[in-house]
Amino acid sequence: MEPKADIALIGLAVMGQNLILNMNDHGYTVVAYNRSTEKVDQFLANEAKGTKVLGARSIEEMVAQLKRPRRVMMLVKAGKPVDEFIEQLIPHLEPGDIIIDGGNSLFEDTNRRQKYVESKGLLYIGTGVSGGEEGARHGPSIMPGGSPAAWPHVKDILQAVSAKVEGGVPCCEWVGEMGAGHYVKMVHNGIEYGDMQLICEAYNIMKNGLGMSAQEMHEVFAEWNKGELDSYLIEISRDILAKKDDDGSPLVDKILDTAGQKGTGKWTVINSQDLGIPITLMAEAVYSRCVSALKDERVKASRKLKGPTPKLTGIAADAKRKQAFIDDIKSALYASKIVSYAQGYMLMGAAAKEYKWSLNYGGIALMWRGGCIIRSRFLGKIKEAYDKNPKLMNLMLDDYFRGEIKKAQKGWRNVVATAARRGIPAPAFSTALAFYDQYRNAVLPANLLQAQRDYFGAHTYERTDKPRGEFFHTNWTGKGGTTAAGTYNV
Ligand code: 2AM
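Small disclaimer: the values here were computed from a predicted structure and weren't measured.

*Asks:* Just checking my understanding: could you explain the site of the ligand for this structure?
*Replies:* Inspection of the region around the ligand gives Gly11, Leu12, Ala13, Asn34, Arg35, Ser36, Lys39, Val76, Lys77, Pro81, Glu84 and Phe85 as its neighbouring residues. Contact distances for the ligand include 2.6 Å between an oxygen atom and a side-chain N or O atom of Lys39. Measuring from an oxygen atom of the ligand, one finds a backbone N or O atom of Lys77 at 3.2 Å. If the ligand stood free it would expose 480 Å²; the protein chains cover 77% of that surface. When residues of the shell around the ligand are assigned to their parent elements, the largest contribution, 3 residues, is made by helix 4 (residues 80-89). Classifying every residue of the shell around the ligand by side-chain character gives 5 nonpolar, 3 polar and 4 charged.

Structure (structure tokens):
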């Protein structure tokens, strides 16, 4: 019998099931497989009933149903399961067949897997897929990288099922070789951590500083979602604040304040340390989740460690001043968000250099513009900035964003200062502002730092009155020798 299936999909958790149904909607015949094969039968009898979706109870049976070159996509738990499936697949595939990993794999694992799979004559793709269950079903953002020769064979299907923006442009484009796709997905997740933290800080200042109710904050977020902050995360925050529990009170107030994390934010921060790129806002967002998890300690500390009262009574009592302060919070959120994306793009720029990828920065903004968790109007502006100047040194230097920061700056500084005075934690707003002020300063106090390093470790320094690359050592105490420790750069 002629094989009928266009693609196989391994992994029938919700994301996998939804992506299969999405592919089916677009006219592709998918063969479904799962480690626990009873899920295949359940899926065919329920969600996939009445569709063209085929099932397989073994890898062999799955491969036999595939047209050539065979395309096998995995949506399984990241880590060992991916390696195990690759091992199981290799004996059943032929040169030119393509293995696609659509899970949240670490880009370094994807680098290794591509080399291994190619050594067996096969092609490999590691792709980020973002958008949650809903995205997988109706159009996620898809970020593929890997063997370039595989792209023409998967382009149609991946672009067909992806989200579309601005007149049908797919949120799926080739990212680059090796783990570039998974890398960009990792940075997406880091930025997502940052966006969420920023929204939470805005919420916290409105709630504890201005004493606003969930309903009032719902209205503020609804308003914000109509302007430049228009985004999926503001939209869901708006809806969350309106959600009532069974007793009619806001559900959000009953949710325990300890955040979980699965590790992609952490990976982004670890990688930024390797590359020496300050993604300070994403790092604060990851650490804020860590602090939130110290619930028991915080409860105890709250009884012992004193600070100012957060209530901004004067401002809250005066409708005009209150609205002005809410506008300032919006400015703080917006300006910090620009800094966060600028830092994310700095990281991708450094990664492209280090790993020898040629990343299309405007294309990445476009992929994130729809379908994924960080989708927003804002990303359309980032795309415009990189379209205008693909070699833009920093997003903050683009004319549009420079102007936006200029407008937002006064309010942003007011919020950070007020939060500090009132003891309301605003780590992401504050770190963004500190970074902005560092970045725009031609001179930082690292001259003293270099002197300290030279003092205690003879690490040498460069001089402002000599060419770069000449290193000096001073015998600071008159007791040390004149021998330098040799230079090293981190
Ligand atoms: P399961 O249904 O057999 O558990 C998300 O968890 C997906 O990854 C599911 O399809 C799940 O298969 C699969 N998965 C999780 N751990 C796995 C493992 N160790 N080996 C193979 N598949 C695994």
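On we go.
*Asks:* What am I meant to see in the side chain of Asn34 here?
*Replies:* Position of Asn34 among the secondary structure elements: in the loop between strand 2 (30-33) and helix 2 (38-45). For Asn34, a relative accessible area of 8% translates into the label buried. Polar side-chain contacts of Asn34 include one of 2.8 Å to the backbone nitrogen of Leu12. At a separation of 3.1 Å, a polar atom in the side chain of Asn34 contacts the main-chain carbonyl oxygen of Ser36. Beyond its immediate sequence surroundings of up to four residues, Asn34 is in contact with Gly11, Leu12, Lys39 and Val40.

*Asks:* Explanation requested: the packing of aromatic side chains in the structure shown.
*Replies:* The geometry of an aromatic ring pair is captured by the separation of the ring centres together with the interplanar angle, meaning the angle of the planes. Per the counting criterion, the structure on display carries 21 aromatic pairs. Ring geometry for Phe221 against Trp224: centres 5.3 Å apart, planes inclined by 75°, an arrangement best described as edge-to-face. Linking Phe221 with Trp224, this pair stays in helix 9 (residues 214-224), spanning 3 residues, or about one helical turn. Ring geometry for Tyr345 against Trp368: centres 6.3 Å apart, planes inclined by 70°, an arrangement best described as edge-to-face. Of this pair, Tyr345 sits in helix 15 (residues 319-355) while Trp368 is found in helix 16 (residues 361-369), placing the two residues 23 residues apart along the sequence. Across the pair, Trp368 and Tyr345 agree in class, each one buried. By way of ring pairs, the aromatic residues Tyr334, Tyr341, Phe378, Tyr400 and Phe401 are connected into one cluster. Sitting above the plane of the Tyr193 ring, Arg289 keeps its charged end 3.6 Å from the centroid. In this arrangement the basic side chain of Lys337 is found over the ring face of Phe378, its NZ or CZ atom lying 5.0 Å from the centre.

Rules and cut-offs
- The numbering scheme is per chain: residues are counted from 1 as the chain's sequence reads.
- Owing to the predicted nature of the model, reporting of local features is limited to residues with pLDDT of at least 70; listing and counting of side-chain atom pairs is limited to 80 or more, with chain, interface and lining totals taken over all residues.
- Note: side-chain values were computed over all heavy atoms of the structure, leaving out hydrogens and water.
- The cutoff for a nearby residue is simple: one of its non-hydrogen atoms must lie within 4 Å of the molecule or strand.
- We define a polar contact as two N or O atoms separated by no more than 3.5 Å, with the added condition that, inside protein, one atom must be a possible hydrogen donor and the other a possible acceptor, whereas residues neighbouring each other in sequence contribute only through side-chain atom pairs.
- Only the protein chains shown count as cover for residues, and all accessible areas are computed by the Shrake-Rupley method using a 1.4 Å probe.
- Strands here mean DSSP runs of E at least two residues long; helices mean DSSP runs of H or I at least four residues long; both are numbered from the N terminus.
- In this count, Pro and Cys sit with the nonpolar residues alongside Ala, Val, Leu, Ile, Met, Phe, Trp and Tyr, while Asp, Glu, Lys and Arg are called charged and the others, Gly among them, polar.
- Buried residues are those whose accessible area, probed at 1.4 Å on protein chains only, stays under 20% of the maximum for their type, while exposed residues exceed 50% and partly exposed ones sit between those limits.
- We call two residues contacting when some pair of their heavy atoms lies within 4.5 Å.
- The criterion for an aromatic pair is that two Phe, Tyr or Trp rings (for Trp, the six-membered ring) have centres within 6.5 Å, with stacked assigned to planes under 30 degrees apart, edge-to-face to planes over 60 apart and tilted to the rest.
- Note on criteria: charge over ring means Lys NZ or Arg CZ within 6 Å of the ring centre, with the direction from the centre no more than 35 degrees off the ring normal.

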